[in-house]
Amino acid sequence: MTGSIRGKAAVVGVGCCKFGENWQQGPEDMIVDAAFEAYADAGIDEPQKQIDAVFCGSVYPSRGPAEVAESLKLFDRPVSLVQNYCATGTDAFRYAVAAVAAGMHDTVLVVGFDKPKDRGVSGPSVHLNTARGLPMTPAGWFSLCCARYFETFGAGREELAKIAVKNHHNGTLAPKSMLKKEISVEEALNGRMISWPFTLYDCAAQSDGAAAAIITRRDLARNFRADPVSVLGVSIALSANPQTDPSFDFLSWKPTVAAAKDIYAQAGITDPRAQIDLAQVHDCFTMTELLTYEDLGFIEKGAAKEHIDSGTFALDGELPVNTDGGLKTFGHPTGATGVRMIYENVLQLQGRAEGRQVKGATVALSHNLGGAPQTCGLAILGID
Amino acid sequence: MSDSAAGIVSYGCYVPPTRLPLALIHGGRVVEGGPEKAVAGFDEDAITLAVAAGVNCLGSIDRERIDGLYFATTSSPFREKQAAAFAARALDLGDEIATIDFSGTLRSAAAALIAAVNAVRAEPGTQILVLAADVRLPAPRSALEANLGDAAAAFLIGSDNVVAAITDSVACVDDVYDVWRGEDDNYLRAWEDRFNVTHGYQENVQRACTRLFERSGTRAEHYSRAVLYAPDARSHGAAAKALGFSGDKVQAPLFGQVGNCGAAFTPLLLVGALEQAAAGDRLLTCFYGDGAQAMDVCVLRDSSGGSRSLAWHLQRRRALRSYDAYLKSRHLNPSEHDPRGGDGVPATVHFRERDSDVRFQAQRCTACGTVHFPACRVCYGCYAKDQFEAVRLSDRPGRVLSYSFDYFFPCPEPPVIVGMCEVDNGARVYVQMTDASTDMLRCDLPVEFVFRKIHDAGKRPNYFWKSRPLTASAEVME
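Just so we're clear, the structure is a prediction, and the values are computed from it rather than from any experiment. (Residues numbered from 1 in each chain as written. Chains lettered and ligands numbered in written order. Predicted model: local features only at pLDDT ≥ 70, side-chain atom pairs only at ≥ 80, totals over all residues. Heavy atoms only, no water.)

Caption draft 1: Just the overall build of chain A, in detail. Within chain A, the regular secondary structure consists of 14 helices and 11 strands. For a compact globule of 384 residues, the expected C-alpha radius of gyration is about 21 Å, and chain A comes in at 19 Å, within 12% of that figure. For chain A, the spread of C-alpha atoms along the three principal axes comes to 55 × 45 × 40 Å. Taking all 384 residues of chain A together, the buried fraction comes to 64%. Looking at chain A alone, contacts between residues at least 24 apart form 78% of all its contacts between residues at least 6 apart. If you sum the accessible surface of chain A, you get close to 13100 Å²; carbon and sulfur atoms cover 51% of it. Looking at chain A, you have 34 positive and 44 negative side-chain charges, and the mean spots of the two groups are 1 Å apart. (Helix = DSSP H or I, 4+ residues; strand = E, 2+ residues; numbered from the N terminus. Rg over C-alpha atoms; globule rule 2.2 N^0.38 Å. Buried < 20%, exposed > 50% of the residue type's maximum accessible area, 1.4 Å probe, protein only. Contact = heavy atoms within 4.5 Å. Areas by Shrake-Rupley, 256 points an atom, 1.4 Å probe, with all protein chains shown as cover. Lys, Arg positive; Asp, Glu negative; His and termini not counted. Charge placed at Lys NZ, Arg CZ, Asp CG, Glu CD.)

This is how it looks when you write it as structure tokens:
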């Protein structure tokens, strides 16, 4: 059986570097910026003494966990690297929380980072070292559900465009986002086609970034700050690849459904739409966000169109999603993204999200979906 | 050669649907119904054309009962490596069969056919599949370009249920330099046209056919039709006339429709002639190249050949809109990305995956019946380990479950249409779609599967299967 993390660990500090095409920053610069912001946030002035272990998340590290240890000079203690496709950041967070909950460490640092903009291409790299499975592009994988979903439930490119418009708007309110530009539905629909039905505006940008979080035992949390954020649940689920799964229905992502079932049990959530105040979900592509509304149980399967039209998930809506602009405006430095979502949710729960603040938020969810896609990471945070 | 027990048991052809209107070559205006030629698509080569003809020829014939595959071409994608072996795997033939490439000459199909007939005579009951295909590369805008086309034909040679017997064959040999490719030539080269026609083509064809007439005691009037190779339409008419054939006794050479398809030229015409022939017909069939070879083909039974006739293939066409599109499909225009760059599929990966990728073999769980593609060790349905039997997907229809159009992936004709397809036995395959346009796509669209070149990375062809809309008729795909 799977246990519950609830009540065992808390987030006491978060940090995030400015996401973007950080030509002047190497991974070390971004890692240091994020970690030292988190130290300060937690009131940690002696990280060498106060950080017992480090959990790193990165999909394209050049030197593995040493990249973080050497940047922060955190040596002679456990430093590990976690990889789990685009859910890497959330999975690193999950390992950190589990290690604290198990009593292995009192206080640990989570660092998610990636630096894709050193590769010289604006999109994903194309490798022709296989005959099967081509074209092997993330947009191609994630767009595969669209045709079937559109034909079944009547949503279309316009609903996708509205998600992009919403996230672009929210991103203008987030100091650390990369894109700060309002767009219109028309612009989104007329963008350059990447993988039908996705135009450029349906796709998250490639960016560099790093984010950090400090996790400690729940009973020690108030030693760091007066308003610690509790971890109500963490979960990860890996499901069959939609390209080989004999029972995939192209209407729903299985790993999200599986991870949601697990985490809601941990966090005691029976009515997600009523009990969750805001969510950061994986909008690598707009369709990913659309299906996630349904897969997380925020709304009924097939109901996304009406809720997108009515603004349920807008910043001033019933359940704001991607309050900081999401992957759409932060870009997607793979290992950093899940931790960046934790950063935003912590700010929201502590009432520090400025112009994008969701009033009175006490429960926030974050969601990553990665692979073809095959893996979903979820975290639910709460504040008393 | 008088024993008539060995002959053609089944036959079929393949003409790629893509057509290059000849007017595009020199920038002229394309007129509807104007002359054109069949060209292999960017994902086709001599091997894929041959496989398509082979599929059409074999139909539902038991592939485990094929004892050999002979492949005739001048344009194998490999200088060293057997094309027949690739074709045999793609056709899911056994791995203890005889495979031979007959190459290096336009006349290679004649040699392959006679070798197959001899093999069957030596051991009655044997069945040999003879494939002839060519995708020859003329220099862009050269005089040769307008005449050459791409196509393939296939014949199953055996001793049971023979449709047409090859009762006699006469060859003459000549080393004239008419067309050739040297060690470093990418493009086909040719000497002056009038010399080639006079001393290469006409002399050899007349010699071979005249000798066949003398040996058989026949004249043109004993034959229902002449099936003749020719380098161009005018020479074809002249050769037929000199041999005493005219009008509908001459099998149409398809210049302006297919073009001179090299080693597959006479085979393609022979398929067309057999489709129209009746029991008792006699076909004077002449191959050319480094000499000539004339055959006496006696039709024993009415037959219809492959499920897709030559006429079907001629009707199914998709005209290119620009000469540039043709050049792109042949990697003849410079682009930012080297389409032949990179290392390609590692040989070891190809080795392990070749039954999935080339044979298009799936596996069915003998415990619960779930069909998996590609092969795996543990069943998705019941989690049983290693309880599978192989199943062929390539000759089964399927339908599109969902799809997308990828504009990002490098492709001579973007976007790449890609979809998850369900084969009618439940297998699911993630494959690109070919010979289709985006406006045809919808969920549940019926498809068939075709063997195609996926890319040329590593400077060699890398093959896999694609889906193609399964249209009831020879629907024009635009």
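Caption draft 2: A look at the interface of chain A and chain B. Taken residue by residue, the interface counts 36 residues in chain A and 37 residues in chain B. Carbon and sulfur atoms supply 62% of the area that chain A and chain B bury against each other, a total of about 3200 Å² over both sides. Where chain A meets chain B, there are 3 salt bridges. Where Asp357 of chain B meets Arg132 of chain A, a salt bridge forms, and the shortest distance between an N and an O atom there is 2.7 Å. Between chain A and chain B we count 21 residue pairs in polar contact (both at pLDDT 80 or more) in total. Elements with a contribution of two residues or more to the side of chain A that touches chain B: helix 5 (138–142), helix 6 (146–153) and strand 5 (193–196) of chain A. Grouping the amino acids of the side of chain A that touches chain B by side-chain chemistry returns 20 nonpolar, 12 polar and 4 charged. Strand direction decides the pairing type here: strand 5 of chain A and strand 18 (residues 398–406) of chain B, joined by 2 bridges, are antiparallel. (Buried area = accessible area lost by both parts, 1.4 Å probe. Salt bridge = Lys/Arg side-chain N within 4 Å of Asp/Glu carboxyl O. Polar contact = N/O pair within 3.5 Å; in protein donor to acceptor, adjacent residues only side chain to side chain. Nonpolar A, V, L, I, M, F, W, Y, C, P; charged D, E, K, R; others polar. Pairing = 2+ DSSP bridges.)

Caption draft 3: Layout of the domain arrangement of chain B. All names here are of chain B. When cut into domains, chain B gives domain 1 (7–329) and domain 2 (347–469). Contacts between the two partners involve 23 residues from domain 1, matched on the other side by 24 residues from domain 2. Roughly 2300 Å² is buried in total at the junction of domain 1 and domain 2, and carbon and sulfur atoms are behind 51% of that figure. Area buried by domain 1 at its contact with domain 2 is led by Phe42, Asp43 and Arg89, which between them contribute 31% of it. Across the contact surface, domain 1 and domain 2 share 8 salt bridges. Between Asp355 and Arg89 there is a salt bridge whose closest N-O contact spans 2.6 Å. Run the count over domain 1 and domain 2 and you get 13 residue pairs in polar contact (both at pLDDT 80 or more). At the level of elements, helix 2 (46–58), helix 3 (83–90) and helix 9 (323–329) are the ones that each hand at least two residues to the side of domain 1 that touches domain 2. (Domains from an automatic or database assignment.)

Caption draft 4: Examining the pattern of salt bridges more closely. A complete count under the given rule lists 59 salt bridges over all chains for this structure. Note that Asp41 of chain A is salt-bridged to Arg352 of chain A, the shortest N-O span being 2.9 Å. Here the residue Asp41 of chain A occupies a position in helix 1 (residues 27–42), and Arg352 of chain A occupies one in the loop between helix 14 (334–349) and strand 10 (363–370), the gap between them amounting to 311 residues. Residue classification places Arg352 of chain A among the partly exposed positions, given a relative accessible area of 29%. Arg377 of chain B serves as the salt-bridge partner of Asp386 of chain B, at 2.5 Å between the closest nitrogen and oxygen. Judged by relative accessible area, Asp386 of chain B falls into the partly exposed class, the value being 36%. Take Arg377 of chain B: its relative accessible area is 52%, and that puts it in the exposed class. A network of salt bridges, in which partner residues are shared, links Asp43, Glu44, Arg308, Asp435, Glu448, Arg452, Lys466 and Arg468 of chain B.

Caption draft 5: Geometry of the sheet that holds strand 3 (residues 79–82) of chain A. Residues and elements named next belong to chain A. Pairing in this open sheet of 9 strands is mixed, and the strands run 3-2-4-7-1-8-11-10-9 from one edge to the other. On the outer flanks of this sheet lie strand 3 and strand 9 (278–280), each paired with one strand and no other. Each neighbouring strand pair of the sheet contributes to a mean axis angle of 25°, computed without reference to strand direction. Of the pairings in the sheet, the one linking strand 9 to strand 10 comprises 3 bridges and is parallel in character. When the bridges of strand 10 are listed, Gln280 appears paired with Ser366. Across the sheet, helix 4 (residues 88–101) lies against strand 1 (9–16), strand 2 (53–57), strand 3, strand 4 (107–114), strand 7 (209–217), strand 8 (229–238), strand 10 and strand 11 (375–382), angled at about 120° from strand 8, the strand it touches most. (Axes fitted to C-alpha atoms, helices over the stretch in contact; angles between N-to-C directions.)

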